[in-house]
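Chain by chain, the residues run as shown.
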Amino acid sequence: MDRSSGILLPITALPSPYGIGTFGKEAYAFARFLRAAGQKYWQLLPLGPTSYGDSPYQSFSTFAGNPYFIDLDLLKEDGLLIQADLDGADWGGDPRYVDYGKIYAARFAVLRKAFQAGYPRDKEKVEAFRAANQWLDNYALYMAVKSHFGMKSWLEWPDEDIRLRKAAAVNRYSRDLAEDVDFYIYLQYLFFQQWKALRDYIHSLGISIIGDLPIYVAMDSADVWAEPEFFQLGENLVPTEVSGVPPDYFTADGQLWGNPLYDYERMKKDGYGWWIRRIEGVGRLFDVIRIDHFRGMESYWAVPYGETTAKHGRWRKGPGMALVGALTQWFPGLQFIAEDLGFLTPAVHALLDESKLPGMKVLEFAFDAREPSNYLPHTYDHHCVCYVGTHDNETVMQWREQADKANVSMARKYLGLNEAEGFHWGMIRGGMSSVADTFVVQMQDCLGLGAEGRMNTPGTPEGNWRWRLLPNEASPALAKKLLIYTKMYGRI
């Protein structure tokens, strides 16, 4: 990656009159803001349809797109909706935060009207889209059956034959729920149609897109339901062990994520074909893929199914370079970033070195007054990506208020932070001026927001992924100030 910089802002966080960010005019406006600020990258979170907790890291499909991002004004321009279809819907009353409950209640009713108007018109194009995406039929049937059973997890579907994907049941539900299947297919057609137009526009401005690849998929997903043979599942397809991370300084019980674990031995038999198909799909969305929880490629924490915490797990060996090498060799046109945060062993460091992928440096982790840190900028090699903080961290102003005072004092001395420049701008300067090839900052930190701007607090199941940018906050004045720093430190 060339010397450059970018901003992390999820699609959900864009302004919109419909309660959540979309692929509409505000996305195009933000791309222009990035160009005016001299930025090379727009970093996003995963774009998949979200399930319980609204986390983009727990999706109903690793291949599908989130229908929430389909812009309703663009559907109006396309003749699929009229204003009366939108009037009276309750999208939530606070422009700063997403109200997912209200979005869920209102969005699909409106999208159903767009389907009824557009599917007959677009049927030939939709069928071509369907033929080009082999994952689509399984996903659409899964969503149709899930809706039929009141959105229960497929593990709780009352009809065991469809839960176990017996052929006769698949045929029967495909026939009986045909209209719903077509509805979910059409939503994906609309999603990818709008995304391609937006992505082409972003590229036309000389901006590339960084996106996340969650290391695991959700248990309640079309991925596991359709291809259970690639996961560690026991009798009746119940997991034997699930994902998590062990106890550490921050969490005495560890973190119990609950995702099913991969059967890497089975995956290896066909050259990791499942992963290759997955990366191919993600490559349609992003130019650079950040591999979430990269250390899990070397070894991963496995927790017995049914445990209520992650304390009683065990380390198990991951696929290592066999998988990482297969992916980087298969996709030479894609760039990857390794999210090498967390408990790192010499074996993890060795895997990162062998993979030749850039790792991550987080400035909020750098300032520990008790011991040296390899997140301090003077320790960097250029082949890395520096962040002030990620979507899982406090905003930098929140960090200033809540971190150990000795650590904050160290940051002030190390970076020469002062009130005239502003604490958050001094931290941005610290990352911009580092030798790291790429620097990324959260939009909330460009704005100097405090705790109200935090995107996610790991280990808390509710209240996350809600923060949004207000209209006009991505202002010309802010772009101009970012441009000054970007030019000063050679990241244009």
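See above for the structure.
Asks: Please clarify how the overall build of the protein chain should be interpreted in this entry.
Replies: Counting secondary structure elements, the protein chain contains 18 helices and 12 strands. Its C-alpha radius of gyration of 23 Å places the protein chain within 12% of the 23 Å reference for a compact globule of 492 residues. With respect to the three principal axes, the spread of C-alpha positions in the protein chain is 70 × 55 × 40 Å. Burial statistics for the protein chain: of 492 residues in total, 59% are counted as buried. The contacts of the protein chain with a sequence gap of at least 6 include a subset with a gap of at least 24, amounting to 74%. Of the roughly 20,200 Å² of accessible surface on the protein chain, 52% is carried by carbon and sulfur atoms. Taking the average place of the 51 positive charges on the side chains of the protein chain and the average place of its 61 negative ones, the gap between the two points comes to 3 Å.

Asks: So what exactly am I meant to see when it comes to the side chain of E241 here?
Replies: Mapped onto the secondary structure, E241 falls in strand β4 (residues 241-245). Here R314 takes part through its side chain, which lies 2.9 Å from a polar atom of the side chain of E241. Only 2.8 Å separates the side chain of E241 from the side chain of R316, close enough to count as a polar contact. When neighbours within four sequence positions are excluded, E241 is seen to be in contact with Q232, L261, A302, V303, P304, Y305, R314 and R316.

Asks: Teacher, can you tell me more about helix α15 (residues 405-415) here?
Replies: Note on helix geometry: an α-helix contains 3.6 residues per turn, so any two residues three or four positions apart are oriented the same way. Among the residues making up α15, those that are buried are N407, V408, A411 and L415. Buried residues of α15, viewed axially, fall in a sector of 100°; they line one side. Residues of α15 that are exposed and point over 90 degrees away from its buried face: K405 and K413. Buried residues along α15 sit against α14 (396-402) and α16 (423-432).

Asks: Looking at this structure, I do not really get the pairing of β4. What am I missing?
Replies: Along a regular strand, successive side chains alternate from one face of the sheet to the other. A large share of β4 lies buried, amounting to five of its five residues. Two elements, β4 and strand β7 (residues 299-304), share four bridges in a ladder whose sense is antiparallel. Residue pairing for β7: G244 is matched across the bridge by W301.

Asks: What is the right way to read the pairing of strand β1 (residues 4-8) from this model?
Replies: Burial runs high along β1: five of the five residues are buried. Bridge count between β1 and strand β12 (residues 438-442): five bridges; the pairing is parallel. Along β12, the bridge assignment pairs G6 with V440. Bridge analysis of β1 against strand β2 (residues 41-43) gives three bridges, and the strand direction is parallel. Residue pairing across strands places G6 opposite Y41, the latter belonging to β2. As a crossover connection, the stretch from β1 through helix α1 (residues 25-36) into β2 is right-handed.

Asks: I keep staring at the packing of helix α5 (residues 136-148) against helix α7 (residues 167-176) and nothing clicks. Help me out?
Replies: Packed helices, taken two at a time, are described by their axes: the angle between them and the distance between them. For the pair α5 and α7, interaxial distance at closest approach is 10 Å and the crossing angle is 75°. In terms of their interaxial angle, α5 and α7 are classed as roughly perpendicular. Together, L141, V145 and H148 of α5 and V170, Y173 and S174 of α7 make up the contact between the two elements. Tallied by class, residues from the contact of α5 with α7 come to four nonpolar, two polar and no charged.

Asks: Help me out: how do you make sense of α5 in this one?
Replies: When the terminal C-alpha atoms of α5 are compared, their 18 Å separation across 13 residues agrees well with the 18 Å that a helix rising 1.5 Å per residue should span. Residues of α5 that are buried include every one of L136, Y139, A140, L141, Y142, M143, A144, V145 and K146, and no others. Of the residues one or two after α5, G150 is the one with positive phi, at around 70°.

Asks: Looking at this structure, how should I read the sheet that holds strand β9 (residues 335-338)?
Replies: The strand order across the open sheet formed by eight strands is β9-β6-β3-β2-β1-β12-β11-β10, and the pairing between neighbours is parallel. Of all strands in the sheet, those with a lone pairing partner are β9 and β10 (359-362), marking the two edges. Recorded for the sheet is a direction-independent mean angle of 25° between the axes of neighbouring strands.

Asks: Sorry, what's going on with the environment of G211 here?
Replies: Looking at the element boundaries, G211 is found in strand β3 (residues 208-213). A relative accessible area of 0% means that G211 is categorised as buried. Considering only alpha carbons, one finds G211 and I337, 126 residues apart in sequence, at a separation of 9.6 Å. Leaving out residues up to four positions away in the same chain, G211 has contacts with L44, F286, V288, I289 and R290.

Asks: Got a minute to help me understand the packing of aromatic side chains in this structure?
Replies: Aromatic rings considered in pairs are described by the distance between their centres and by the relative angle of their planes. According to the stated counting rule, one finds 43 aromatic pairs in the structure shown. For the ring pair Y28 and Y201, a centre distance of 4.9 Å and an interplane angle of 50° mean the geometry is tilted. With Y28 in helix α1 and Y201 in helix α8 (residues 178-204), this pair connects stretches of sequence that are 173 residues apart. When the ring centre of W225 is taken as reference, the NZ or CZ atom of R165 above it lies at 4.5 Å. The ring of W275 is capped by R278, whose NZ or CZ atom sits 5.1 Å from the centre of that ring.

Cut-off values and rules
- Residues numbered from 1 in each chain as written.
- Predicted model: local features only at pLDDT ≥ 70, side-chain atom pairs only at ≥ 80, totals over all residues.
- Heavy atoms only, no water.
- Helix = DSSP H or I, 4+ residues; strand = E, 2+ residues; numbered from the N terminus.
- Rg over C-alpha atoms; globule rule 2.2 N^0.38 Å.
- Buried < 20%, exposed > 50% of the residue type's maximum accessible area, 1.4 Å probe, protein only.
- Contact = heavy atoms within 4.5 Å.
- Areas by Shrake-Rupley, 256 points an atom, 1.4 Å probe, with all protein chains shown as cover.
- Lys, Arg positive; Asp, Glu negative; His and termini not counted.
- Charge placed at Lys NZ, Arg CZ, Asp CG, Glu CD.
- Polar contact = N/O pair within 3.5 Å; in protein donor to acceptor, adjacent residues only side chain to side chain.
- Arc of directions from axis to C-beta.
- Pairing = 2+ DSSP bridges.
- Right-handed = clockwise from strand over helix to strand, strands pointing away.
- Axes fitted to C-alpha atoms, helices over the stretch in contact; angles between N-to-C directions.
- Parallel < 35°, antiparallel > 145°, perpendicular 65-115°, else oblique.
- Nonpolar A, V, L, I, M, F, W, Y, C, P; charged D, E, K, R; others polar.
- Expected span 1.5 Å × (residues − 1).
- Phe/Tyr/Trp six-rings, centres within 6.5 Å; stacked < 30°, edge-to-face > 60°.
- Lys NZ or Arg CZ within 6 Å of the ring centre and 35° of its normal.

Take it as geometry only, folks, not as evidence of what the structure does.
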